[in-house]
Each structure stands twice: as structure tokens, then as C-alpha cells.
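A closer look at the structure
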Amino acid sequence: MRKLYERLPGPAPVRVLILVVMAVVAFVLLIPLFEWAGTFLDDGGVIGALVDVGPGLRI
Amino acid sequence: MIWAGVLIFAFLAYQLFGTSIGTNRAQNEAEQQLDTIFESAIEELEASGVPVPTDPPLVPTDVAPTLFPEAIPVAGQPFARILIPSIEMDHVVWEGVEREDLKNGPGHMPWTALPGQPGNAVISGHRTTYGAPFFSLDEVKVGDSITMETATGSHVYEVREILIVDPTAVEVTEFREGAWLTLTTCHPVYSAALRLVIHAELIEGPNFDFVQHQAESVEASS
């Protein structure tokens, strides 16, 4: 984290702002991964949700 | 190592708190709209000429009771409310059990009976994420009541059976004689490995007399 901070251009407030923006962007990019991993915690409790056989149909 | 910790913390924070933000907003908005949705559904039923519970009785009481059908809900839209007083649960129910539907709250399986109607109405909901509407479902006991509010009125069910089954146990969603409500959610908490299933039978509501009469007719003919 410190190395990354030192590589950033500009004065301290600008560097902190860039770090915050980078963290937000990283979080947004991670959401699809989190959504997928979250199905192992809780997939909605639907019975027969393991196989999609078509729009609105599951077996 | 630190980054892995940050990632896991962010994942858990997102799942346990982040996913609930949108769900709570959707529930609050639906709560405001539900009376209007009920009124529209009743207007739709009246326009199509089917009996609605608010009609004055047109037939003598010694003939077969009337079935009050429900308007077909719009996919992906709220259409009912579920209340379980014993666990202080009160949520708006959506039509559909696709991932997007269940992000808003409990969802009704479209290919099963509608709540309050003869058959088996199946409703699924998240246990730990997206507002966790069914978090405390394991505290429900046999004999507890579950109320479904729809356009045709309040339908009260009594819990008859509680099961733990595999996620592929589709038999719990099959048609049942009488009027039943089946709730399904993940089990145990923080795992999608199994399903907690609650079967409840209709004991009160606009269609209770019809369902009772139907059951008596079947018994008499057998």
C-alpha cells in the first residue's frame, strides 16, 4: 500500500484521492465476482435451482 | 496476506450488508404500491366477470361455496405480502424466482398455485443475503400461523410440516390436494448446501370454504 502511494503523482491530498478512487473502482469490478461467490453462501433457496433448462424453467 | 484479508472482509461486508441496501429500498417502495396493486387486481377480476370476495353473495348459502380466483401477477412485480407473527416477519412477495426477482424479496414460483388458491403455492427467499427475509425461518414451529395477503384478502395457513431436503427435491413443490403454502430457503445459515422447507395448510380465508367443500366431495365420492 505504501509503495503504491509513493508511486502516485502529486501532493498528498491528490494521492489519497487517487487511492480512494482506485479502491472504489476495484470494488465495483469485484462485485460480479462477489455475486458469483455469494451463491455458495445463499442462492435464494429455490428448489431445483441447480440446472437451468430454459427461460423461467428449472429442474 | 493483508490484501487477501481485505478482499475477504470486502466480500463479507458486501454479502451481509451491501446486498441488503437495494432489497430494503425495493421492499419499501413495494410496500407503498401494494394497496394500488391490490386495487388494480380486483378491477381486473371484476372486468373479467369472475367473483371477488367483496361482492354481495349472489347464491343461497346451502349450495357449493364460490372459488375466488386471483389475478395473474406480472412477472418480476410485487403482488402479495407474507407475515409470520411468531418470528415477526413481514415482507412483500414478488412474482418469480429468478435471481433478479429474489434480490427484491421472497419470490413466488410462477408454475405453482397462487397463494390462497387450491394447490401448492411455493415461495422461496434468501436466508443470509439480500435482506435475508427468511433468516429466522428455522424458528418457525408446527402449528404457527402464516398469513398471505393478496388482492382477494388474507389467507391464513397453519404450519404442518418442516423438512430439510436437497436443493433438487422438486417433489416438495408438486401439486397437493387442498390449499397449501410451501416456503423454501437455504439451509444451514451461510450455506446453500440444503433447503429448509415449510409446508402450511390453509385454515382461513376467502377460499377456505371452497377448499373444505372440495375435500368433503372427494371423501364422499371415494
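Notes on the structure in this doc start here. (Residues numbered from 1 in each chain as written. Chains lettered and ligands numbered in written order. Predicted model: local features only at pLDDT ≥ 70, side-chain atom pairs only at ≥ 80, totals over all residues. Heavy atoms only, no water.)

1. A closer look at a nonpolar patch on the surface
Inclusion rule: Here, patches come from residues exposed beyond 30% relative accessible area and free of salt bridges, joined within 9 Å for like charges and within 5 Å for nonpolar side chains (Val, Leu, Ile, Met, Phe, Trp, Tyr). What sets the accessible areas is the Shrake-Rupley method with a 1.4 Å probe; for residues, cover comes only from the shown protein chains. The salt bridge criterion pairs a side-chain nitrogen of Lys or Arg with a carboxyl oxygen of Asp or Glu, the two atoms within 4 Å. Strands are runs of DSSP state E lasting at least two residues, helices are runs of H or I lasting at least four, and both sets are numbered from the N terminus onward. Only protein chains enter the calculation, and the probe is 1.4 Å; a residue is then buried if its accessible area is under 20% of its type maximum, exposed if over 50%, and partly exposed in between.
Judged by side-chain polarity, Met1 of chain A together with Ile2, Trp3 and Val6 of chain B come together as a nonpolar surface patch covering roughly 500 Å² of accessible area. Here Trp3 of chain B is to be found in helix H1 (residues 2–47). For Trp3 of chain B, a relative accessible area of 54% translates into the label exposed.

2. Re the interface of chain A and chain B
The cut-off we apply is this: Working rule for contacts: check all heavy atoms of both residues, and any pair within 4.5 Å makes them a contact. By buried area we mean how much accessible surface two parts lose on assembly, using a 1.4 Å probe and totalling the loss over both.
Chain A puts 22 residues into the contact, and the matching count from chain B is 36 residues. Both faces considered, chain A and chain B share a buried interface measuring about 2400 Å² in area, 63% of it formed by carbon and sulfur atoms. Taken together, the connections running from chain A to chain B amount to two salt bridges. With a shortest N-O distance of 2.8 Å, Asp43 of chain A and Arg195 of chain B are connected by a salt bridge.

3. Brief notes about the packing of helix H2 (residues 12–41) of chain A against H1 of chain B
Selection rule: An axis is simply a line fitted to the C-alpha atoms; with a helix, the fit covers only the stretch in contact. Between two such axes, the angle follows the N-to-C directions and lies from 0 to 180 degrees. Relative orientations are named as follows: roughly parallel for angles under 35 degrees, roughly antiparallel for angles over 145 degrees, roughly perpendicular for angles from 65 to 115 degrees, and oblique for any other angle. Only Asp, Glu, Lys and Arg are considered charged, only Ala, Val, Leu, Ile, Met, Phe, Trp, Tyr, Cys and Pro nonpolar, and every remaining residue, Gly among them, polar.
In the contact formed by H2 of chain A and H1 of chain B, the axes pass within 9 Å of each other and the chain directions differ by 70°. Taken as axis vectors, H2 of chain A and H1 of chain B run roughly perpendicular relative to one another. The segment H2 of chain A lies against H1 of chain B, with Phe27, Leu30, Ile31, Phe34, Glu35, Ala37, Gly38 and Leu41 of chain A engaging Leu7, Ala10, Phe11, Tyr14 and Gln15 of chain B. For the contact of H2 of chain A with H1 of chain B, the residue count by class is ten nonpolar, two polar and one charged.

4. Comments concerning the pattern of salt bridges
Residues and elements named next belong to chain B. Here the structure, examined in full by the defined rule, presents ten salt bridges over all chains. The salt bridge partner of Glu161 is Arg176, with a shortest N-O separation of 3.6 Å. With a gap of 15 residues between them, Glu161 in strand E6 (residues 153–165) and Arg176 in the loop between E6 and strand E7 (179–187) connect regions that are remote in the sequence. A network of salt bridges, in which partner residues are shared, links Glu31, Arg81, Asp90 and Glu149.

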